[in-house]
Amino acid sequence: MTQHTRRARPFGAVGTAMVTPLTEDASGVDLDAAQRLAAHVVEHGNDMIVVSGTTGEAPTLSDGEKIDLARAVREAVGPEVTILAGVGTYDTAHSVHLARAHAELEIDGLLVVTPYYSKPSQAGIIQHTRAIADATDLPVMLYDIPGRAGVPLTLETLLRLGEHERILAVKDAKADLQQATVVMERSGLAYYSGEDALNLPWLAIGASGMVSVVSQVAGDLEKRLVDAVDRSDLAAAREAHQLLAPLVEAIMTHMPGAVAAKTALALQGVLPHATMRGPLLAADDDQTRALAAALEAATGIPPLDPSRRPSA
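Cut-offs and rules
Residues numbered from 1 in each chain as written. Predicted model: local features only at pLDDT ≥ 70, side-chain atom pairs only at ≥ 80, totals over all residues. Heavy atoms only, no water. UniProt positions renumbered as here; feature names shortened; annotations may be inferred. 1 Å grid on protein atoms, 1.4 Å probe; cavity = no way out; pocket = protein on both sides within 12 Å on 5 of 7 lines; lining within 4 Å. Helix = DSSP H or I, 4+ residues; strand = E, 2+ residues; numbered from the N terminus. Contact = heavy atoms within 4.5 Å. Axes fitted to C-alpha atoms, helices over the stretch in contact; angles between N-to-C directions. Left-handed = near helix turned anticlockwise from the far one by under 90°. Nonpolar A, V, L, I, M, F, W, Y, C, P; charged D, E, K, R; others polar. Pairing = 2+ DSSP bridges. Points joined across faces, edges and corners; volume = space filled by probe spheres on them. Parallel < 35°, antiparallel > 145°, perpendicular 65-115°, else oblique. pLDDT = per-residue confidence, 0-100. Buried < 20%, exposed > 50% of the residue type's maximum accessible area, 1.4 Å probe, protein only. Phe/Tyr/Trp six-rings, centres within 6.5 Å; stacked < 30°, edge-to-face > 60°. Lys NZ or Arg CZ within 6 Å of the ring centre and 35° of its normal.

Per an unreviewed UniProt entry, the chain goes by the name 4-hydroxy-tetrahydrodipicolinate synthase and belongs to Brachybacterium epidermidis. Here the chain is described in UniProt, under the heading Sequence similarities (unreviewed entry), as follows: "Belongs to the DapA family." Quoted verbatim from the Subunit (unreviewed entry) field of the UniProt record, the comment on the chain reads "Homotetramer; dimer of dimers."

Structure, rendered in structure tokens:
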């Protein structure tokens, strides 16, 4: 297909992989809390929100819950904020169905993860992804995360998918900066960091931004990092990176990111509780105290009393 001119930031710069607030008994999605959270992350530096991703507990959400969530978040933040919805699954037909259902909403794009569990061939991945991209007029961000999907996107696959007029970007959680450098040069695909610990290295080699778990907790610092790189201020970028480091450590290394992010948001008073859906479990007391300390170290703002564990 003809290569189209790509925008440097097709989906914005500071994106948050938003958690999905649930009712306290986990029986449904708390749409009011989701709207408040979406407004909160936009107020704190984010210009892109991804709903129904891994951090949003997508595998445990029903199709109806995903649609309602995307609609509610759009209503909360208005048209100026980019909204992407995770529609990729291990089932091509189901993924196409989700893509078409979301295309009826006023969202801006689709996040399509590499089909997981089945370990398809690269040819199967290309066919699957093109089927989703062909199903709607919405632009697509690929999600390359072999640690969860089991299969990486190879260089040739990325270049071939980059020929599609609606496949505009890659969220990378593979940490292959050399491959990404080649892909950006040869395909025009934009890259977004999908690993908070590597946000600065990704930006340094030309990534457009990040889709971050930590940004919903410390979005102002993530925006500070992006702005510093944009003005080529390495010292300021390093300072923001170092301030974020203890929070990245606390949120991304000791428990699933969705659990840590919900707990941190509850400690900040942004969410009323940190209820998870099985098989994910709520943070325990030790994890909650460690998160509270990391939040204060990174933001300078004491969280709610860490001895009061957010209810699960």
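Draft legend 1. A look at the UniProt feature "binding site: pyruvate" (unreviewed entry) in the chain. In this numbering, the UniProt entry assigns the feature "binding site: pyruvate" (unreviewed entry) to Thr-55 and Val-211. Across 157 residues in sequence, these annotated residues keep their C-alpha atoms within 10.7 Å of one another, forming a single compact spot. Of the residues annotated just before, the largest pocket has Thr-55 and Val-211 among its lining. Summarising the element assignment, Thr-55 is placed in the loop between strand 2 (48-51) and helix 2 (63-77). Excluding residues that lie within four positions of it along the chain, Thr-55 makes contacts with Ala-17, Met-18, Val-19, Thr-20, Val-213, Gln-216, Gly-257 and Ala-258. Note on placement: Val-211 falls in strand 8 (residues 209-212). Once residues within four sequence positions are removed from consideration, Val-211 is found in contact with Gly-15, Ala-17, Met-48, Val-50, Met-141, Lys-171, Tyr-192, Ser-193 and Gly-194.

Draft legend 2. Examining the packing of helix 9 (residues 215-230) against helix 10 (residues 234-252) more closely. Their axes nearest at 9 Å, the elements helix 9 and helix 10 cross at an angle of 150°. Considering only the axes of helix 9 and helix 10, their crossing is left-handed. Listed contacts from helix 10 to Val-217, Ala-218, Leu-221, Glu-222, Arg-224, Leu-225, Ala-228 and Val-229 of helix 9 are Ala-236, Ala-237, Glu-239, Ala-240, His-241, Leu-243, Leu-244, Leu-247 and Ile-251. Each residue belonging to the contact of helix 9 with helix 10 can be placed in one class, and the counts come to 13 nonpolar, 1 polar and 3 charged.

Draft legend 3. Expanded view of the sheet that holds strand 6 (residues 167-172). With parallel pairing, 8 strands are arranged side by side around a closed barrel as 1-2-3-4-5-6-7-8. Averaged over all pairs of adjacent strands, the angle between their axes in this sheet comes to 25°, without regard to strand direction.

Draft legend 4. Highlighting the layout of surface pockets. Here the largest pocket defines a volume of roughly 1,000 Å³. Taken together, the elements giving at least two residues each to the lining of the largest pocket come down to helix 2, helix 3 (92-103), strand 4 (109-113), helix 5 (146-149), strand 8, helix 10 and helix 11 (257-267). Tallying contributions element by element places helix 5 first for the lining of the largest pocket, with 3 residues. Approximately 330 Å³ is the volume found for the second largest pocket. Elements with a contribution of two residues or more to the lining of the second largest pocket: helix 1 (31-43), helix 9 and helix 12 (285-299).

Draft legend 5. Representation of the packing of helix 10 against helix 11 within the structure. Running from amino to carboxyl end, helix 10 crosses helix 11 at an angle of 120°, the nearest separation of the two axes being 8 Å. For the element pair helix 10 / helix 11, the angle class is oblique. Here Ala-250, Ile-251 and Met-252 of helix 10 lie close against helix 11, whose contacting residues are Gly-257, Ala-260 and Ala-261.

Draft legend 6. Quick peek at the confidence of the model for the chain. Of all residues in the chain, 95% have pLDDT values of 70 or greater, and the mean over the chain is 94. Every residue in residues 1-5 is under pLDDT 50, and counting partners more than four places away or in other chains gives 8 contacts.

Draft legend 7. Representation of the environment of Gly-88. The topology assignment puts Gly-88 in the loop between strand 3 (82-86) and helix 3. Residue classification places Gly-88 among the buried positions, given a relative accessible area of 17%. Residues Gly-88 and Tyr-192, spaced 104 residues apart in sequence, show a C-alpha to C-alpha distance of 17 Å.

Draft legend 8. Region of interest: unusual backbone geometry. In this structure, the amide linkage connecting Gly-278 to the following residue, Pro-279, adopts the cis form with an omega of 20°. On the secondary structure map, Pro-279 appears in the loop between helix 11 and helix 12. With a phi close to 65°, Ala-26 is a non-glycine residue in the positive phi region. Of note, Ala-26 is situated in the loop between strand 1 (14-17) and helix 1. A positive phi angle, near 60°, is found at Glu-57, a position not held by glycine. By the secondary structure assignment, Glu-57 is in the loop between strand 2 and helix 2.

Draft legend 9. Structural view of the packing of aromatic side chains. One pass over the full model with this rule turns up 3 aromatic pairs. Ring plane angle 65° and centroid distance 5.0 Å describe the contact between Tyr-90 and Tyr-116, whose orientation is recorded as edge-to-face. Highlighted residues: Tyr-90 in the loop between strand 3 and helix 3 and Tyr-116 in the loop between strand 4 and helix 4 (122-135), separated in sequence by 26 residues. Geometrically, the ring pair formed by Tyr-191 and Trp-202 is stacked, given 5.6 Å between the ring centres and 15° between the ring planes. Highlighted residues: Tyr-191 in strand 7 (residues 190-193) and Trp-202 in helix 8 (residues 199-204), separated in sequence by 11 residues. A relative accessible area of 0% means that Trp-202 is categorised as buried. Across from the ring centre of Tyr-143, 4.0 Å away, lies the NZ or CZ of Lys-171, which sits over that ring.

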